[in-house]
Amino acid sequence: MTIPLLDSKAQNGVLEGELKAAFERVLRSGQFILGPEVEKFERDLAKLARAKHALGVSSGTDALLLALMALGLGPGDEVLCPSFTFFATAGCVARVGATPVLCDSSPVTFNLDLRDAARRVTPRTRAIIPVHLFGQPADMDAVMALAKKHKLFVIEDAAQAFGARWGDKPVGTIGDFGVASFYPTKNLGALGDAGALLTQKEAHFERARILRVHGMEPKYHHQFVGGNFRLDALQAALLAVKLPRLAAYNAARARHARQYTARLSRLPGARLAMRGDARIAPTVKEKAKLILPTVLPEGGMIWNQYTVRVPDRRETLRGYLAGRGISSEIYYPIPLHEQACFAHLGYQPEDLPWAHRLAGEVLSLPVYPELGEAQIDEVCAAIGDFLRG
Ligand SMILES: Cc1ncc(COP(=O)(O)O)c(C=O)c1O
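Model, not experiment: these values are computed from the prediction.

Rules behind the numbers
Residues numbered from 1 in each chain as written. Predicted model: local features only at pLDDT ≥ 70, side-chain atom pairs only at ≥ 80, totals over all residues. Heavy atoms only, no water. Helix = DSSP H or I, 4+ residues; strand = E, 2+ residues; numbered from the N terminus. Expected span 1.5 Å × (residues − 1). Buried < 20%, exposed > 50% of the residue type's maximum accessible area, 1.4 Å probe, protein only. Near = heavy atom within 4 Å. Polar contact = N/O pair within 3.5 Å; in protein donor to acceptor, adjacent residues only side chain to side chain. Areas by Shrake-Rupley, 256 points an atom, 1.4 Å probe, with all protein chains shown as cover. 1 Å grid on protein atoms, 1.4 Å probe; cavity = no way out; pocket = protein on both sides within 12 Å on 5 of 7 lines; lining within 4 Å. Sits in = over half its atoms within 2 Å of the grid points. Nonpolar A, V, L, I, M, F, W, Y, C, P; charged D, E, K, R; others polar. Points joined across faces, edges and corners; volume = space filled by probe spheres on them.

Novice: I'm lost on helix α10 (residues 246-264) in this one. Help?
Specialist: An α-helical turn contains 3.6 residues, so any two residues separated by three or four positions project in the same direction. Taking 1.5 Å of rise per residue, 19 residues should cover 27 Å, and α10 covers 27 Å from first to last C-alpha, within 8% of that figure. Within α10, burial applies to Leu246, Tyr249, Asn250, Ala252, Arg253, Ala254, His256, Ala257, Gln259, Tyr260, Thr261 and Leu264.

Shown next as structure tokens:
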């Protein structure tokens, strides 16, 4: 049995008729960038996310960049963000000329360690970017409290978490801006690059809307220097086919995650991540062989990834799974504070000990909606054989 990490052919295959109809509609319309397809998608997106405004943009990365530009962040400003995340989070901060202040992560949730972030606030800190990593909401109560105390802007990087909730609030609608990505591996995946920016604030929306088209308003009058962050009509039309199915995709992922946890937690040496883990020194050697992801009671997790920690022999397990036809992935093998492009920031690996350690332990297993029970059985059996072997 071969088990991929993601099966986009299975997901898109059953929608082929509808996707082709959407393509043909755009083909015949002659309007390929922005326009009515994008506007309709934005309205549907805002409704689903309970956001006042949704702006369709070219990618999640561009949504981040646009948010930072709309808030006027630049040279001399510091922006707090996790080190253990996808590169774009901090990359965009550097691209506007601001300084990413990289913070440690919690080994329980894989999200920003707010106590570490609080320690790194200086008079130059202007914003914080919590990332809802793997679909698990960051602790937005703690983020908003820190932001209020120090008058920081909040950009929620919900690239992996569109549709997740913190308490009863959809992520992406709590801070100043929320960023969504529709990269094909996301729970709502386009057939190419696409993203969105969410906001509840009229002034933020207006500024971002104008910046999306080179800061141009009206035509050929440029009030600010913006960029081309426009969404293609084709991607909006294709995404509109999948948007009504997002809740079902998320529910299937959650079902798979529950099955994994129920089965894997019975294996020798396996245990669930616990809140107390955040207090353990990251240098302490872990007795568990397999640590399973936990959902916080406040968090409506959408399981973009089912990520386990393998304190010893992660690479060996990955190779063993590959030998049995099971794909897995390491998100992310090098934390951002150890990346060559950020060497000038002067971090040592052990400055952010959990980010460093998590990069060496994490392994993401297949959790895509179309996964079957027999495949989950096979993944769990293979991990069991490995742990016992
Ligand atoms: C946490 C995070 N932020 C930002 C992005 C950027 O999104 P995109 O790939 O759509 O540019 C991603 C995408 O992988 C991501 O995972």
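Novice: How should the site of the ligand be read in this particular structure?
Specialist: Near the ligand you find 16 residues, and of these Gly60, Thr61, Asp157, Ser181 and Lys186 are the closest. Residue Thr61 places a side-chain N or O atom 2.5 Å away from an oxygen atom belonging to the ligand. Within the side chain of Asp157, one N or O atom sits 2.8 Å away from a nitrogen atom of the ligand. In the complex, 93% of the free accessible area of the ligand, which totals 380 Å², lies under the protein chains. When atoms are counted within 2 Å of each cavity's grid points, the one that captures over half of the ligand is the second largest pocket. For the shell around the ligand, the secondary-structure elements that each account for two or more residues are α4 (60-70) and α5 (88-95). No other element matches α4, which puts 3 residues into the shell around the ligand. The residue inventory of the shell around the ligand, partitioned by class, reads 7 nonpolar, 7 polar and 2 charged.

Novice: In this structure, what is going on with the layout of surface pockets? I would like to understand it.
Specialist: Over the atoms a probe the size of a water molecule is rolled, and this reveals where empty space is left. In this structure, the largest pocket spans a volume of roughly 490 Å³. In this structure, the largest pocket is lined by 25 residues; those nearest its centre are Ser106, Leu112, Asp113, Arg115 and Ala278. Taken together, the elements giving at least two residues each to the lining of the largest pocket come down to α6 (114-119) and α12 (353-361). Residues of the lining of the largest pocket, tallied by class, amount to 13 nonpolar, 4 polar and 8 charged. Space inside the second largest pocket adds up to approximately 410 Å³. Lining the second largest pocket are 22 residues, with Phe86, Ser181, Tyr183, Lys186 and Tyr332 sitting closest to its centre. Elements supplying a minimum of two residues to the lining of the second largest pocket: α4 and α5.

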